Amino acid sequence: MNAHTAIKPPAFMHSDYGPALQPHVSETIESMVSVPLTEFFPNFAPAITSGYPETLEADLERVRAETRKSLALVDMSSIAATDSVNILASEHGFGLMGGWPYAEMIKTIREVVIERTGCTKIHLRLAIYRGFKEAEEVAEHFGFNEAFEGRVKGLGPFDQGVEVETVVGPMYLIKRAFDATKFIHAYYDDPREMYFNRLLYKSFKSFCMSYARYETRSVYHSMFGNRSGSVIPRALFDSDFIQQRYTFSSVLCTTPMGVIGVDATTDLYAIDRRITKSHLETYGRMQRLFAEIKDCVAIWDGGRWGYYLHGGGLIFGTLLTNHSDAFDLDQPVVAGFMQSPTAPVNFSRNKNLRGVVVNQAWVGAGIPYVTMPFTTPMYIVGEEQAQMWREDPTNPLLMDRATVVDSLHQGVAMACEKGQTDKLIVFDGSYGHLTCNQALADLLKARAPAVDKMVGEELLPKWLAQRGLS
Amino acid sequence: MATIKLVADYNADPCTGCKLCDIVCPSGAIKMEARKPVIDEALCIGCGRCVDRCPEDIMWMIQRSEPLVTTVHPDEVDQEAVTALLEKAGIEAAMSVCVCTLTPGSEIAASIIKGAKNLEEVCAATGMRSGCGIYCVAPALRLLEAAGCDMTPPGQHRWYPSTLSLYDLSDEVCAKYPDAYIEEDRAVFDPEHKYGPLSKEIL
């Protein structure tokens, strides 16, 4: 296989929230290429897996080994044989590289805890975003019902809450997440919405999102700026309620190249410092490289909501919101729900993004936000998929603005013509390389050395210092 | 303002009367009568949550014959009262409280001035929560609290009274988390320093 042949992305789970599986862009448009990220940044270290099916079985063995190696050093004395333990998992982890690496880490945690502690009452709690059926789909697809002997339940923001007293006042978590005597924070470090979390204590975010009622999520996102919001997950994690139940964290660690290992310890603050440093060095470079794109059409081509589809290890939302440097904490306003009255930012619009072609993506969850089709031309491939979007109750105006096209080729041609651009970028779940067309590949390869230098010499030292990580 | 094109419907025969559709309805459009849901089309904001929640898969959304436009126009209410409520709550008038429907803080406040007394009535009046249903809740609850509405949480965990804001944090909290840019964010989002903690005594 030529290094620049377009690569089929990791296989993803079929869902009732998405259309029937479609042929990928890499299989449909011959002119696409997949550029290894090391051609942009030669110092990126190789990953143990990027989720591709050809090597997945062996890759998962490595994930399992890495999980065991990391867990071997964890103090599990807080878990007694008579305890019941919830492993708390978050939905987005199953969108990373097809989801199998995260699933493998979770299953391995269970095995090791049983071996080390004698505790057998270990439950999986799958936190989902909005759809009540997401957890059932995940449990079935990844074989969790068998692996956990039926001790699997989903939980979502609408489920019954439990009031938790914190230093900032009462907050509401989801009761079912904490219905065992102890819990394990089984996380992944995808920076995902770096424009919201600013890589400021990102490892704690689940405590005010995945494990929290919608009121708490709303407080975090809408009642604070995206720097000061970092108080909420930390206040929850530091609360007596959590600390009395918390045992340890196990985090699937990634770079844009893929999974690089597992970091497990009782000290979540220590994990967060390590992850933040790694992310600023790697995802920071990719984010600034995306900022070099001044005109392009994006293609959604994966099994998650469009904003959360990865390309080159970064989600589409990163491309959309790179109006400014999300990692620079001196920048007061990046994208966020709370808006400055004097300098508002439309986080649903980037003038450099000239169009979006939807080959396949989940509907629902209010994504894309209602403004996006008003400011960015959108093209939906196929009448069957268009009908799903018409019936999406969370985005009733999208199909008033979007154009239905017969084929991916037609959508791409129309988007490029209207957007006056010859550059295409694909968000298909890929890590380790970026699938795009040659025009964009040439641009990014030409700009990467300067980006590498700028990040290494100017931005990274600043980002680290702002977080006390110099 | 929201344009609602869909409305919930269901098949009554296999319905078990579990009430889950009623519990997740954000606008109070579903009421249980004789162990069956009764859907008030005038209140349904078309979010589809009941359809997704139904364990029997016997609910669905259908197109309305005419879209329902939910809005409270500024002219309908006393603008000084709207401004005063927003200021008391510390919510910017132009802030998109609901980012799915772009419902601004001023419209949420106007719906309360017009008579909405709880979260469900605000949703029905404005269409807020017809999208993701998640991120708009706290600002709306804070406006209700500032207006002196009853914040006792309703049954069946429909909502909990979370109204914390950036402006409520105590000096103790600011000291505990010195790297959280609290003062810096306050200066950004309230450059005129017109907002402060929501006074509990006034309620």
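Keep in mind the model is a prediction, meaning the values are calculated, not measured.

## Brief notes about the pattern of salt bridges
All names here are of chain A.
- Here the structure, examined in full by the defined rule, presents 34 salt bridges over all chains.
- In this structure, Lys-205 engages Glu-193 in a salt bridge whose closest nitrogen and oxygen atoms are separated by 3.0 Å. Placement of Lys-205 in the loop between helix H6 (194-197) and helix H7 (214-222) and of Glu-193 in the loop between strand S7 (182-188) and H6 is noted, with a sequence separation of 12 residues between them. The exposure classification of Lys-205 matches that of Glu-193, with both residues buried.
- Look at the salt bridges and you will find they share partners, linking Arg-64, Arg-68, Glu-104, Glu-111 and Glu-115 into a network.

## Focus on the state of the cysteines
All names here are of chain B.
- Evaluated as defined, the whole model comprises zero disulfides over all chains.
- The thiol of Cys-136 is unpaired, and the distance to the nearest cysteine sulfur, on Cys-98, comes to 4.3 Å.
- Cys-136 gets classed as buried once you look at its relative accessible area, which sits at 3%.

## So, the sheet that holds strand S2 (residues 84-90) of chain A
Residues and elements named next belong to chain A.
- Reading across the sheet, the six strands line up as S4-S3-S2-S7-S8-S9 and stay open at both edges, with mixed pairing between neighbours. On the outer flanks of this sheet lie strand S4 (152-155) and strand S9 (258-265), each paired with one strand and no other. Neighbour to neighbour, the strand axes of the sheet diverge by 20° on average, direction disregarded.
- Sheet analysis places strand S3 (residues 121-127) next to S4, joined by four bridges and oriented parallel. Residue Arg-125 lies in a different strand from S4, and its bridge partner there is Lys-153.
- Strands strand S8 (246-255) and S9 of the sheet are contacted by helix H2 (residues 56-71), whose axis makes an angle of about 25° with S9.
- Here helix H10 (residues 268-290) sits on the sheet and contacts S7, S8 and S9; the angle it forms with S8, its principal contact strand, is near 10°.

Scoring rules and cut-offs
- For every chain, the first residue of its written sequence is number 1, and the numbers climb from 1 along that sequence.
- Going through the entries in the order they are written, you letter the chains from A and number the ligands from 1.
- Where local features are concerned, this predicted model is filtered to residues with pLDDT of at least 70; where side-chain atom pairs are given and counted, the filter is 80 or more; whole-chain, interface and lining totals use all residues.
- Computation of side-chain values covers all heavy atoms of the structure but excludes hydrogens and water.
- We define a salt bridge as a side-chain nitrogen of Lys or Arg found within 4 Å of a carboxyl oxygen belonging to Asp or Glu.
- Only DSSP runs of H or I reaching four residues or more are called helices, and only runs of E reaching two or more are called strands; each is numbered from the N terminus.
- A simple rule labels every residue: compare its accessible area, found with a 1.4 Å probe on the protein chains alone, to the largest value its type can have, and call it buried under 20%, exposed over 50%, or partly exposed in between.
- When the sulfur atoms of two cysteines come within 2.5 Å, that pair is taken as a disulfide.
- Strand pairing is assigned whenever DSSP detects at least two bridges linking the two strands.
- Lines fitted to the C-alpha atoms define the axes, with helices restricted to the stretch that makes contact. Angles between their N-to-C directions range from 0 to 180 degrees.
- Contacts: residue pairs with any heavy atoms within 4.5 Å of one another.

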